[in-house]
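The primary structure of each chain is shown beneath.
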Amino acid sequence: MMKKYTIENSLIKLVTIDYGATIHQLITKDRNGNDVNVVISFKELENYKHNSNYLGASVGRFAGRIRKEGFKLNGKQYDLYTKNDAHLHGGKEGFSFKTWEMESITEGENPSIKYSYFSKDMEEGYPGNLKVYVTYTLIKNELTILFEGESDQDTVLNLTNHNYYNLNGKGSILDHELQINAKNILDTDENAIPTGKYKAVESTHYDFREKRKINSDYEFKGIDDTYVLDEKEPLAKIYSEESGIEMIVASNQPGVVVYTPETMDESKISNKPLERYPSICFETEKFSDSPNHNNFLSTELKKGEHYTNETTLTFNLK
Ligand SMILES: OC[C@H]1O[C@@H](O)[C@H](O)[C@@H](O)[C@H]1O
């Protein structure tokens, strides 16, 4: 049985489940004071077990992709599970498909909930006994998602949360206004594996350096790419005129995978109705395939070293 836990303050209510340490619902108020669930949610918790979208889940041991040849660490070759010629989101059964331990939950002004997961040495082909944690904390109009980890051997680690946002709680994100402070995205091959080069967003539908409606200026063709974040706040910002809700994304990570599926299986989802391009993910993380690229920030986690990925979502009303 999956266990569901709710934390809330006067502005935000967060419902998580221990399976995948998943965010099930993230509820805030629109400008008329009505509740809006700003993430896409499955109706039945059971559906998170067959979650090929990784809806709301904590993703690991390696969020994103690693090339089919695996990787080398300290001169040793590590082979990984592959599908469609790539290793995706930690393998066949990554952290999104594990039951995490609920470590602690607090109430009051700044409520929080902390989950942990212990990944054994060589689980999914990765070296090192690894303990990871995710802590969700609400402070006023902010949700902070803090991932931490420690291993007893050198390993690689790249964690992220996989929420699908829609600031109206339904419909489409095409009318949302988006800003991403990135002049480059990662260039990728036919298997969505980075080539190691950057590609300028200038004069393409990827360019959100100036805030604009997603479907304006360029024909929107969907995005499934890594933005290389410029060190400028905010990393990303999204706003819906309809609800008046603005969400600001801040993170200590170098990249954000922006993913906008064209459709989602509405029969299993509680947000209704859904339209074309129903949601957008902001997966703040290090780059895909980093273990095979010396020019990318390293995803190596040395024995005993402490890993942190801290991402904060701020909700404002306009
Ligand atoms: O459905 C899960 C999705 O996860 C994203 O992070 C990834 O970039 C997409 O290609 C897709 O695999």
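As annotated in an unreviewed UniProt entry, the protein chain carries the name Galactose mutarotase and is attributed to Joostella atrarenae. Its UniProt record, at the heading Cofactor (unreviewed entry), says of the protein chain: "Ca(2+)".

**Looking at empty space enclosed by the protein**
To find leftover empty space, one rolls a probe the size of a water molecule over the atoms. Tallying each qualifying case throughout the model produces two cavities of 30 Å³ or more. In this structure, the largest cavity spans a volume of roughly 80 Å³. Lining the largest cavity are I145, F147, T160, N161, Y165, V249, F282, T284, N309, T311 and L313. Contributing elements (two or more residues each) for the lining of the largest cavity: β13 (142–151), β15 (160–161), β24 (281–285) and β26 (307–317). The class makeup of the residues in the lining of the largest cavity is six nonpolar, five polar and no charged. As for the second largest cavity, its lining consists of G60, R61, G90, E93, G94, F95, S119, E123, E124 and Y126. Of the residues that constitute the lining of the second largest cavity, the class distribution is two nonpolar, four polar and four charged.

**Description of the nonpolar core**
Grouped together as the largest cluster of nonpolar side chains are 56 residues, with contacts concentrated most on L26, Y227 and F282. If you tally residues by element for this core, the top one is strand β12 (residues 130–139), at five residues. When near neighbours in sequence (up to four residues on either side) are disregarded, Y227 contacts I180, A182, N184, I185, V201, Y206, F208, P254, G255, V256 and V258. In this structure, F42, Y54, F97 and Y164 belong to the second largest nonpolar core, which totals 16 residues.

**Considerations on the pattern of salt bridges**
Taken as a whole, this structure holds 14 salt bridges when the rule is applied. Across the salt bridge formed by E123 and K98, the nearest N and O atoms sit 3.8 Å from each other. Of this pair, E123 sits in the loop between β11 (112–119) and β12 while K98 sits in the loop between β9 (86–88) and β10 (101–106); the two residues are 25 residues apart in sequence, bridging distant segments of the chain. Among the residues examined, E123 registers a relative accessible area of 18% and is labelled buried. A salt bridge links D230 to K183; the shortest N-O distance between them is 3.5 Å. Here D230, found in the loop between β20 (224–228) and β21 (236–239), pairs with K183, found in the loop between β16 (177–180) and β17 (184–188); they are 47 residues apart in sequence, far enough to count as distant. Judged by relative accessible area, which is 45%, K183 ranks as partly exposed.

Cut-offs used in this document
Residues numbered from 1 in each chain as written. Predicted model: local features only at pLDDT ≥ 70, side-chain atom pairs only at ≥ 80, totals over all residues. Heavy atoms only, no water. UniProt positions renumbered as here; feature names shortened; annotations may be inferred. 1 Å grid on protein atoms, 1.4 Å probe; cavity = no way out; pocket = protein on both sides within 12 Å on 5 of 7 lines; lining within 4 Å. Points joined across faces, edges and corners; volume = space filled by probe spheres on them. Helix = DSSP H or I, 4+ residues; strand = E, 2+ residues; numbered from the N terminus. Nonpolar A, V, L, I, M, F, W, Y, C, P; charged D, E, K, R; others polar. Core = buried A, V, L, I, M, F, W, Y, C linked by side-chain atoms within 4.5 Å. Buried < 20%, exposed > 50% of the residue type's maximum accessible area, 1.4 Å probe, protein only. Contact = heavy atoms within 4.5 Å. Salt bridge = Lys/Arg side-chain N within 4 Å of Asp/Glu carboxyl O.

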